[in-house]
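Chain and residue survey
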Amino acid sequence: MKYNLPKYILPALIVLAISCSTAKQDITSSTKNISSIDCKVDSLLSLMTLEEKVGQMNQYNGFWNVTGPVPKDGSAAKKYEHLKKGWVGSMLNVKGVKDVKALQKIAVEETRLGIPVIFGYDVIHGYKTISPIPLAEAASWDLEAIKKSAEIAAAESAASGLNWTFAPMVDVSRDARWGRVMEGAGEDPYLNSVIAAARVKGFQGNLGEFNLAACVKHFAGYSFAEAGKDYNTVDVSHNTLHNIILPPFKAAAEAGALTFMNSFNELDGIPATGNAYLQRDILKKDWNFQGFVVSDWGSMGEMVAHGYSKDLKQAAEQAANAGSDMDMESSGYVEHLAALVREGKVSEDKINDAVRRILRVKFELGLFDNPYKYCDEAREAATVGKKEFHEGVLDVAKKSIVLLKNNNNLLPLKKEGQRIAVIGALANDKTSPLGSWRIGADDNTAVSVLEGLNAYKGNQITYAKGADVVIGEPTFTVETKINMTDKSGFTEAVNTAKNADVVIMVLGEHGLQTGEGRSRAELGLPGVQQELLETVYKANPNIVLVLTNGRPLIIPWAAQNIPAIVEAWHLGTESGNAIAQVLYGDYNPSGKLPMCFPKAIGQLPLYYNHKSTGRPGGESPTESVFWSHYTDIDNNPVYPFGYGLSYSTFEYSNLKLSTNTFAQNGQIRVSVDVKNTSKIDGKEVVQLYIRDLIGSVTRPVKELKGFELTEIKAGEVKTVTFTIDEKTIEFYTANKKWETEAGDFKVFVGGSSITKLEAPFSYTK
Ligand code: BGC
């Protein structure tokens, strides 16, 4: 594509040509050859004024309607001036080829050096065609499907002018009160790590025109907000930071993620945006990360509210010195950084390092080659909403469903001759299934459960709302109001249930009850839904409860009384079709929970890979008081991590280890036989856990170290094998580094984190 070069670009190109001649590249061409890119970056950097450098470190939210008149006053006018001066390195929340192109044209054709802008957006689980929320996808344990889903999201949004997504979120989440658990892969560091890598690869691919740069977030510790309250104080140990929180970030960096986002929280008393230990020491030094770090929205400015910076200027100084390369929407850098350099408070070397990182990513994306690479209207029209994307998100949606309970094989439903009552406002909702963080998608674009069920013609389906979950139509930015009082639909629901053979109740959270700023202090079915469930149960107990929610819910009564329960999360555009196919048995569920479902709110944070404590108690009930427990409830979740049923049943046996001891560079082969004891072909997630009995720092009672999603035909026995090696057992030790320690271990294999099949092994040095 041709575009007009800005009038000052010629000298720049000459410098590039001279200094990068050894690279034998066309001077305008970007390439994935890093040394050649570095050379070009350095040449360009040498041409930049301090203000232009700082401008690259500045990111603005879309500040004016690009198709409307140019802003004349206020902050929009100022931002517009900055854009024209080349003081805007990136923008977020501008989407669609028309708008992106118009802005890029200003950056490329009207500024002195013509450096393209990088356009970021929260493509968290799809752009227009929406995939399941990330927590749901994690329940698939299907890395290929998760990667595919990220590819679809990237292809659609890249066709719409975007070139950078603020995803994946890789925060290990142990507290379901935190609303953002929906955005990650749950409570386990290993599962989060492999999924993080799959998502990064899916988004970035080979950085072609259908790919996006990934942004791994939130670095770090954000999900450990005290009491699950968003933006709250975080106080974690070094041990937890390194062994639990950081591994998924490292995995994402190793998978080639081009950018990171820091976080709102403090760590060890220092806000992440101003935290040099995280950004400089760990990420850039220890992990040798070459990409750039963007702050979270306004997080630089928030360091003032944290009580860490006296004003925005000091915040800018602290953030720049700590290695925060780009400022999202605080204006701290653009307002103060040049002055801070002149005053000697921030060295120009630090600025150069940040700008180098930003320019490098722009080169890698090919934006210097063609700043309009993502701006092809015909491609946009041909790509967004493609049929194959719908098929793709339907596939991952089915895989994300977890069957929690199925007494007397109530599921799958018979396809004919049944009177089916469908109850619950969420059954007839075409917006809620899109979930939180689907800001590119239009309301009312998901297939509802009712629509999905109605596509099957053989049964008689009657619908009753029962009760609204929320009042009005929630929006992304305003507090969602829950219906706590209106039960006027209960009678109709009861009557509908009385006349049915099977009742399908679709209950749970509205799609905008989770996500940022949406912590909850109670995790039961919101509003009057629990009462609705119990009322309908009295009229007809033959209930299939379909849960649609963005986090684990606390449902002990339902778990006890309702015969069949399906965890269907917020599954995206094809939600209703996926749910119907599972309920009718056209898809045999194989999902497993990526977070446990607690019994009571007082158990939180609750996670399977906890420490033993000095008073672990035993398996059997005890009269004694003095052990780590509650007096009013047991320690277990209702459903544990890794748990999920299928219409098939599986039996594990014959756990074998090739040897019971291994040494440096050695390994152990672990094998187990998994038999499909049913008459239905199915898939099972075979999980491998270990326990390190003694460590220089205390070790968890169990840790996931591998899994295999495997298809097993009816009656078939499959032998699944894993390898245990030094990588499996290493951890962040008392020496403050990742290493192995000699000692005794246990290995466990099974279909959930509470598997009983175990064997001992040891490692010697
Ligand atoms: C969130 C980020 C998000 C950013 C941009 C922030 O409030 O914490 O995760 O990427 O906004 O929308």
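Residues numbered from 1 in each chain as written. Predicted model: local features only at pLDDT ≥ 70, side-chain atom pairs only at ≥ 80, totals over all residues. Heavy atoms only, no water.

**Looking at the overall build of the chain**
For the chain, the helix and strand inventory stands at 22 helices and 26 strands. With respect to the principal axes defined by its C-alpha atoms, the chain has extents near 75 × 65 × 50 Å. With 765 residues in all, the chain has 61% of them scored as buried. Pairs at least 24 apart in sequence give 78% of the contacts found in the chain among residues at least 6 apart. Element-wise, carbon and sulfur atoms account for 50% of the exposed surface of the chain, whose accessible area totals about 28400 Å². Looking at charge distribution, the chain has the averaged site of its 81 positive side-chain charges lying 2 Å from that of its 89 negative ones. (Helix = DSSP H or I, 4+ residues; strand = E, 2+ residues; numbered from the N terminus. Buried < 20%, exposed > 50% of the residue type's maximum accessible area, 1.4 Å probe, protein only. Contact = heavy atoms within 4.5 Å. Areas by Shrake-Rupley, 256 points an atom, 1.4 Å probe, with all protein chains shown as cover. Lys, Arg positive; Asp, Glu negative; His and termini not counted. Charge placed at Lys NZ, Arg CZ, Asp CG, Glu CD.)

**Notes on helix α5 (residues 97-110)**
Compared with the 20 Å implied by 1.5 Å per residue over 14 residues, the 19 Å span of α5 between its first and last C-alpha is a close match. Check the buried side of α5 and you find it contacts α4 (74-85), β2 (90-92), β3 (118-121) and α15 (377-383). (Expected span 1.5 Å × (residues − 1).)

**Some thoughts on the packing of helix α8 (residues 189-204) against helix α9 (residues 238-254)**
Pairs of packed helices are described in terms of their axes, by the angle between the two and the distance that separates them. Here α8 crosses α9 at 20 degrees, and the two axes come no closer than 8 Å. Taken as axis vectors, α8 and α9 run roughly parallel relative to one another. As for how α8 packs across α9, the hand of that crossing is right-handed. Residue-level inspection shows Pro 189, Asn 192, Ser 193, Ala 196, Ala 197 and Val 200 of α8 in contact with α9, the latter providing Asn 243, Ile 244, Pro 247, Pro 248, Ala 251 and Ala 252. Classifying every residue of the contact of α8 with α9 gives 9 nonpolar, 3 polar and no charged. (Axes fitted to C-alpha atoms, helices over the stretch in contact; angles between N-to-C directions. Parallel < 35°, antiparallel > 145°, perpendicular 65-115°, else oblique. Left-handed = near helix turned anticlockwise from the far one by under 90°. Nonpolar A, V, L, I, M, F, W, Y, C, P; charged D, E, K, R; others polar.)

**Things to note about the side chain of Glu 156**
Following the sequence through the fold, Glu 156 ends up in helix α7 (residues 143-158). For the buried Glu 156, no salt bridge is present, and the opposite-charge side chain at shortest range is Lys 128, 8.1 Å distant. When neighbours within four sequence positions are excluded, Glu 156 is seen to be in contact with Tyr 127, Lys 128, Thr 129, Thr 383, Val 384, Gly 385, Lys 386 and Phe 389. (Salt bridge = Lys/Arg side-chain N within 4 Å of Asp/Glu carboxyl O.)

**Considerations on the site of the ligand**
Close to the ligand lie 13 residues, the nearest being Asp 122, Arg 180, His 218, Asp 296 and Glu 516. Separating an oxygen atom of the ligand from a side-chain N or O atom of Asp 122 is a distance of 2.4 Å. Between His 218 and the ligand, the recorded distance is 2.7 Å, taken from a side-chain N or O atom to an oxygen atom. When the ligand is considered free in solution it has 310 Å² of accessible area, and contact with the protein chains removes 94% of it. Within the shell around the ligand, the residues separate by chemical class into 7 nonpolar, 1 polar and 5 charged. (Near = heavy atom within 4 Å. Polar contact = N/O pair within 3.5 Å; in protein donor to acceptor, adjacent residues only side chain to side chain.)

**Description of the side chain of Asn 58**
Looking at where Asn 58 falls in the secondary structure, it is placed in strand β1 (residues 58-61). Judged by its relative accessible area of 0%, Asn 58 is buried. A polar atom in the side chain of Asn 58 sits 3.0 Å from the backbone oxygen of Trp 87. For Asn 58, the contacting residues outside a window of four places in its chain are Trp 87, Val 88, Gly 89, Ser 90, Met 326, Asp 327 and Val 334.

**So, the packing of α9 against helix α10 (residues 276-286)**
Remark: α9 packs on α10, axes separated minimally by 14 Å, with the N-to-C direction vectors making an angle of 60 degrees. Here α10 runs oblique to α9, going by the angle between their axes. The chirality of how α9 crosses α10 is right-handed. Each of His 238, Leu 241, His 242 and Leu 246 in α9 lies in contact with α10, whose residues at this interface are Tyr 277, Leu 278 and Ile 282. Residues belonging to the contact of α9 with α10 are distributed by class as follows: 5 nonpolar, 2 polar and no charged.

**Description of the pairing of strand β12 (residues 419-423)**
The buried fraction of β12 is high, at 4 of 5 residues. Pairing geometry for β12 and strand β13 (residues 460-464), over 5 bridges, is parallel. Considered in β13, the bridge of Arg 419 is made with Gln 460. Of the crossover connections in this fold, the one passing from β12 over helix α17 (residues 449-454) to the parallel β13 is right-handed. (Pairing = 2+ DSSP bridges. Right-handed = clockwise from strand over helix to strand, strands pointing away.)

**Quick notes on the domain arrangement of the chain**
As assigned here, the chain comprises domain 1 (396-603) and domain 2 (650-764). Between the C-alpha centres of domain 1 and domain 2 the distance comes to 35 Å. Every contact between the two is made by 5 residues of domain 1 and, on the other side, 8 residues of domain 2. In total, domain 1 and domain 2 occlude about 480 Å² of area from one another, counting both sides; carbon and sulfur atoms represent 46% of this. Contact with domain 2 buries surface across domain 1, with Asn 588, Ser 590 and Lys 592 losing the most and accounting together for 85% of the total. (Domains from an automatic or database assignment. Buried area = accessible area lost by both parts, 1.4 Å probe.)

**Digging into the sheet that holds strand β6 (residues 259-262)**
In spatial order, the strands read β5-β6-β9; together these 3 strands make up an open sheet with parallel pairing. At either end of the open sheet lies a strand with only one pairing partner, and these are β5 (215-219) and β9 (292-294). This sheet shows a mean twist of 30 degrees between the axes of neighbouring strands, independent of strand direction. One ladder, built from 3 bridges, connects β6 with β9; its direction is parallel. Looking across to β9, one finds that Met 261 is bridged to Val 294.

**Focus: the nonpolar core**
Phe 219, Phe 260, Met 505, Val 544, Trp 569, Leu 583 and Tyr 639 are the most contacted members of the largest nonpolar core, which totals 195 residues. Setting aside chain neighbours within four positions, we find Trp 569 in contact with Ile 133, Leu 135, Ala 136, Ala 139, Ser 400, Val 402, Leu 547, Thr 548, Asn 549, Leu 593, Pro 594 and Phe 597. Counting 23 residues, the second largest nonpolar core, distinct from the first, contains Phe 650, Val 686, Val 749 and Tyr 763. (Core = buried A, V, L, I, M, F, W, Y, C linked by side-chain atoms within 4.5 Å.)

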